[in-house]
Amino acid sequence: MAYQTLYRRYRSQRFTDLRGQDHVVPALRSAVRDDRVGHAYLFSGPRGTGKTSTARILAKSLNCDSLDQGDPCGICESCRSIETGTSFDLHELDAASNNGVDAIRDLISRAGIGSPGRTKVYILDEVHMLSAGASNALLKTLEDPPAHVVFVLATTDPHKVLPTIRSRTQHLEFGLIPADVLAEHVRWVIADAELDVSEDGIAYSLRQGGGSARDTLSALEQVVSAGGVPAEGGSVEAILEALCESDGGAAITAVAEATSVGREPRPLAEDLLAGLRDVFLAAVGGPLEHLPDEARNQVADRAHRMGRATIARSMELIGEAIAEMRHVGDARIPLEVALVRLTSPELDSTVEALLERVNRLERQIESGAVPSGSPAGVAAAAPGPAPVAEAPAAPGPPPMPPRRGREAAPAPAPAPTADSPDRAPTAPAPAAAPSGSSGELPGVGELTTAWQSTVLGSLSNRARARYGAGRFVASDSAAEFALPNPIHRDRCEDLRDEVEGALEQHFGRPVPLRLVVDGSPVAPAPDRQPDPPRPAGPPPAATSDAPVAPEPPPEPVRESRPPDPEPPDDDLDHIGDVSELDDADVTAPSTMERITELFPGAEVVDDPS
Ligand SMILES: [Zn+2]
C-alpha cells in the first residue's frame, strides 16, 4: 500500500470522529437524521480544521445504506467507495487550481445527470478563488439547484465569496481546535501508529499546528522523520524572538531563511501577526486555550519582555505591511521595512516610536538598569554607593496581569537598591579596593555603578537588550546577577562571555558572573553547571569576609577605566551579520526601479550608477 500521510490516514470518517467543532457537527448530523439537509452549504474556517473531511462525511451519510443516528456506517459499498475516492456520488473541485468558468460549466452540465446514490455531492474547495465569471455561473445553479444535488463550498476566506452566493447557502463556521483536544488526538495517533515521539515532539507539533489538525499532524510527521524536534530557524518563532530582542539583523535573516525555503512573504507575515496576537492576549490576560501549556509560558515570557506598547505597535506595523504587500512587486519589502522600524525605533520619529522608546526606558528603570547617558539620568557616574534607590519607585507601566508561568517567577524587583539588607555581609561598596588593585571582586554597589555608567552601554545591542532587565544582587565568589525568570536567565547565559569581557575591561581583572533568577535563593542555579574554566571560588554560602580564592597571578594594573567608550554604533549594529543574509534575486527589479515604481512620477536626480 502506498504511503499515506498521517493526516490522510487519520482523517475523520464519521461525524463522531470529528474533533473540536462542537457547534457544527451536531447540527449537520441531526439535519441528516431528520432529513433536513439544505441544498448548499458554505463551510468557512482556518485551514486544516476539518471542512473537507466534514463535507465528505456529509456525502457519505447522504448516500449510506445503514445510517446510525445520522452517522454513516463506513462499511456499506457507498461509504467505502467515497472513502477510496471511486464514488460517482461525490465530486470535488479545487477552485484554487480550476477557477475558470469552463471548469464550473463542465461541473454544472454534469450536475443534472443522475448518479447511483440518492444524493450527488459537490465539494468546491477554496471557493473564494473562483473567477468572477465562474462565480456567476455557480450562482445560477445555486438559484435553481437540481433536486438530488448538495453543494458544499469550502473557504478560508468567506468575505471574498460573492455575497449573492453566500446568501444562498447555510454558512457554518469552523474554528481552530483547542490545544487540549488536539493533544489528545495526537497522543491517540502516536499510540495507534506505534510512533516513538517525545513530549517535546508533541509540544512542538501542537505549537506548529496552532489549532489546525492538518498542520499539527504534518509537524508530527516532521518530528518522526527527523527523529526529533527540527530546528525552528527562519520561522515565525525566530522573528518573534528577534522582535523581543530588538534584533533587526536576526529578524531580517529569519525572513530571508523562510523565503529561501519557499515561504511566501504574505502568509509569513499573517502567521507573524497571529503570533503577535497570542503575545498580546497573554499581555492582557486574554484566552489562550488554543496553545499548549509550554507555548502559553513562552508567549507570557514574550509579553513580559516586549511590553504592551511594543506589542501593540508591532501588530499595527505588521498589519500595515500586509495591506501594503498588495501594491508592491516584492512582498518581502514591506515586511522587512516594518521589522526594521520595529527593531530600530530610533530611526523612526513618529509619536508611536517615541512612545515605545519611553516604554523601553521605563522598563529598564523598573528593572534597575539604565544605560549610560540615557535621558533618565538616574545613574550616577561617581563611584561609591549609587544613589539609585528612589528612581525605580517612579510609576512604571501597570504591572502585568498574573500569568501562568513555568514557575512563579516574580516580576523584576521594583527597587534595585545597591545592597539588600539581607545580603548585608557582602562587600560594602565604599570599602571596596580601588579597581584593579587586588583579586577581590568589586562589591554590589561598585558593580551597579559601573554597570549603569559604563558597562551596560558598552555591550552589543543584543547583550544590552537581554541584560538590561537584570541587576547585581550579590558579590562573593562571583558577581551575582539576577534576571526576571528562568527563560530570560538561560538566554543571558549565551552572552555571558561578552558581558564578563566588558566587566573585565572595566575593572581590569576578571569578574566572573553568576546568573540567577530574581528572588530565588543565593545558590547558583541548580540546572546550570558553571563552565569548567571559570575561576573557582569558595562555596556561595561563604561570607565575603572569607578570603576569596586567589585569582591567577595578579595582572599588572591596567587602566582601570577604558578610554571613553565609543557610543554604540546603533545603526550598523542593527543590521546584524551581513554574511547571514541571502543574495538578492538578480532577476528582481533593482532598488531604484522599485522606488520609482512606489513613487509614480518621481524623478531620479542622482543616479548612483
Ligand atoms: Zn454506509
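To be clear, the structure that these remarks concern was listed above.
Keep in mind that what you see is a predicted model, and the values were worked out from it rather than measured.

Caption draft 1: Quick look at the sheet that holds strand E6 (residues 471-475). The strand order E6-E7-E8 describes an open sheet built from three strands, whose pairing is mixed. Looking along the sheet, the strands with just one partner apiece sit at the ends: E6 and strand E8 (513-517). Each strand axis lies, on average, 35 degrees off the axis of its neighbour in the sheet, ignoring direction. As paired elements, E6 and strand E7 (residues 479-483) share four bridges and run antiparallel to each other. Looking at E7, one finds that Ala474 is bridged to Glu480. Across the sheet, helix H19 (residues 486-493) is in contact with E7 and E8; its angle to E8 comes to roughly 160 degrees.

Caption draft 2: The arrangement of the pairing of E8 in detail. Burial of E8 is extensive: five of the five residues sit out of reach of the surface. Burial along E8 is two-sided: Leu513, Leu515 and Val517 and Arg514 and Val516, pointing in opposite directions, are all buried. Bridge count for E7 against E8 is five bridges, and the pairing is parallel. Within E8, the position partnered with Leu483 by the bridge is Val517.

Caption draft 3: Spatial organisation of the packing of helix H14 (residues 293-324) against helix H16 (residues 351-366). In contact at an axis separation of 9 Å, H14 and H16 are set at 160 degrees when each is read in the N-to-C sense. When the axes of H14 and H16 are compared, the pair comes out roughly antiparallel. The crossing of H14 and H16 is left-handed. Mapping the contact onto sequence places Gly307, Ala309, Thr310 and Arg313 in H14 and Glu352, Leu355, Glu356, Asn359 and Arg363 in H16.

Caption draft 4: Spotlight on the nonpolar core. By size, the foremost hydrophobic cluster in this structure holds 49 residues, and its most contacted members are Ile239, Leu243, Ala251, Val255, Val279, Ala303 and Ile318. In terms of residue count, the dominant contributor to this core is H14 (ten residues). Composition of this core by domain shows at least three residues from each of domain 2 (178-230) and domain 3 (233-366). Apart from residues lying up to four places away in sequence, Ile239 is in contact with Ala251, Ala254, Val255 and Leu272. Formed by 37 residues, the second largest nonpolar core is a distinct cluster that contains Leu42, Leu58, Cys79 and Leu130.

Caption draft 5: Layout of the environment of Pro442. With respect to the secondary-structure elements, Pro442 resides in the loop between H16 and helix H17 (444-458). Overall, the presence of 25 C-beta atoms within 10 Å leaves Pro442 in the buried class. A C-alpha to C-alpha distance of 10.0 Å links Pro442 and Arg509, two positions 67 residues apart in sequence.

Cut-off values and rules
By convention here, each chain's residues receive numbers from 1 onward along its written sequence. Local features in this predicted model are restricted to residues whose pLDDT is 70 or higher, and side-chain atom pairs enter the listing and the counts only when it is 80 or higher, whereas totals over whole chains, interfaces and linings include all residues. Strand pairing follows a simple DSSP-based rule, namely that at least 2 bridges must link the two strands. For the purposes of this entry, the term helix denotes a DSSP run of H or I that reaches at least four residues, the term strand denotes a run of E that reaches at least two, and both are numbered from the N terminus. Axes here refer to lines fitted to C-alpha atoms; in helices the fit is confined to the stretch in contact. Angles between the N-to-C directions go from 0 to 180 degrees. This entry defines residue contacts through backbone-placed C-beta atoms, with two residues in contact when those atoms are within 7 Å. Neighbour density around each residue's C-beta defines its exposure: 20 or more other C-beta atoms within 10 Å make it buried, 12 or fewer make it exposed, and counts between make it partly exposed, where C-beta atoms are placed from the backbone. For classification purposes, an angle smaller than 35 degrees is called roughly parallel, one larger than 145 roughly antiparallel, one from 65 to 115 roughly perpendicular, and anything else oblique. Left-handed describes a crossing whose near helix is turned anticlockwise from the far helix through less than a right angle; right-handed describes the clockwise counterpart. Each nonpolar core consists of buried Ala, Val, Leu, Ile, Met, Phe, Trp, Tyr and Cys residues. Their C-beta atoms, within 7 Å, join them into a set. Bear in mind that the domain bounds are from an automatic or database domain assignment.

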